[in-house]
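This is what each chain is made of:
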Amino acid sequence: MIKYKLVCKNCNLVFDSWFASSNEYERLYKKNLLKCHNCNSIKVSKTLMAPNTISKKKKSNNDYEIKKIKNINKEIKKFQKFIKNNFNYVGENFAYEARSIHYNKKKSKGIYGSVSKKEIKELKEEGISIESIPWIEKKDN
Ligand SMILES: [Zn+2]
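Calculation notes
- The numbering scheme is per chain: residues are counted from 1 as the chain's sequence reads.
- In keeping with the predicted nature of the model, local features appear solely for residues at pLDDT of at least 70, side-chain atom pairs appear and are counted solely at 80 or more, and the whole-chain, interface and lining totals rest on all residues.
- Numbered from the N terminus, helices here are DSSP runs of H or I no shorter than four residues, and strands are runs of E no shorter than two.
- Buried means a residue has 20 or more other C-beta atoms within 10 Å of its own C-beta, exposed means 12 or fewer, and partly exposed covers the counts in between; C-beta atoms are placed from the backbone.
- Note that contacts rest on C-beta atoms placed from the backbone: two residues are in contact if these are within 7 Å.
- On a range of 0 to 100, pLDDT expresses the predictor's confidence in each residue.
- Nonpolar cores are built from buried Ala, Val, Leu, Ile, Met, Phe, Trp, Tyr and Cys residues. These are joined into a set through C-beta atoms within 7 Å.
- At least two DSSP bridges between two strands are required for those strands to pair.

1. Brief notes about the overall build of the chain
Then, in step 1: The helix and strand tally for the chain stands at four helices and five strands.
Then, in step 2: Helices (α) and strands (β) of the chain occur, in sequence order from the N terminus, as β-β-α-β-α-β-α-β-α.
Then, in step 3: The 141 residues of the chain split such that 7% are buried.
Then, in step 4: Put simply, 50% of the contacts in the chain that link residues at least 6 apart link residues at least 24 apart.

Written out as structure tokens, the structure reads:
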């Protein structure tokens, strides 16, 4: 089971929803089966992944939500830093590099870069394991 935070683009409601797997989410999303409880809009999409350990107790307090999002952003930034230090950036060549590592059994530190949804699907179908993570652009402040 995997928990996603979903956001309704129509009324801005954010709510948690459980899915059997990330594929299950993609399937429902593509079929427009994800609906907002509040306004019934299907303009619902995934926000950041919520760790499963987060208490199920609901707090609708805004400050709490904002703080939580800030903490998640902080975690993502930490993770980004880790990736930048430990992985090679390949930018737009991600799909090419991932295949090259996979098929040539090339030893690699691991790579990161940008890839389209279509390419993600193709790579997964070829048995290449990749993970997508939310990425925050650095702001200077
Ligand atoms: Zn809504």
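2. Details of the environment of G91
Then, in step 1: Within the fold, G91 resides in strand β4 (residues 88-91).
Then, in step 2: A residue is classified by how many C-beta atoms lie within 10 Å of it, and G91, with 11 of them, is exposed.
Then, in step 3: Remark: the alpha-carbon pair of G91 and S114, spanning 23 residues in sequence, is separated by 5.4 Å.
Then, in step 4: When sequence neighbours within four positions are dropped, the list of residues in contact with G91 reads G113 and S114.

3. Focus: the environment of K77
Then, in step 1: The topology assignment puts K77 in helix α2 (residues 62-86).
Then, in step 2: Overall, K77 belongs to the partly exposed group, with 13 C-beta atoms counted inside 10 Å.

4. Concerning the confidence of the model for the chain
Then, in step 1: For the chain, per-residue confidence averages 82 on the pLDDT scale, and residues scoring 70 or more make up 84% of the total.
Then, in step 2: Mean pLDDT in the chain bottoms out at strand β3 (residues 44-49), which sits at 77, and peaks at helix α1 (residues 22-30), which reaches 92.

5. Topic: the nonpolar core
Nonpolar side chains tend to gather and get buried jointly when the protein is soluble and globular.
Then, in step 1: In terms of nonpolar packing, the biggest core is built from five residues, these being Y4, L6, C8, L34 and V44.
Then, in step 2: Examining the composition of this core, we find that three residues originate from one element, strand β1 (residues 2-8), more than from any other.
Then, in step 3: Leave out the neighbours within four places in its chain, and V44 touches L6, C8, L34, K35 and C36.

6. Re the pairing of strand β2 (residues 14-19)
Then, in step 1: In terms of burial, β2 is largely open, as just zero of its six residues are buried.
Then, in step 2: As paired elements, β1 and β2 share six bridges and run antiparallel to each other. Note that in β2 the partner of K3 across the bridge is W18.
Then, in step 3: Hairpin connection, β1 to β2: the antiparallel pair is bridged by five residues, and N12 has positive phi, about 65°.

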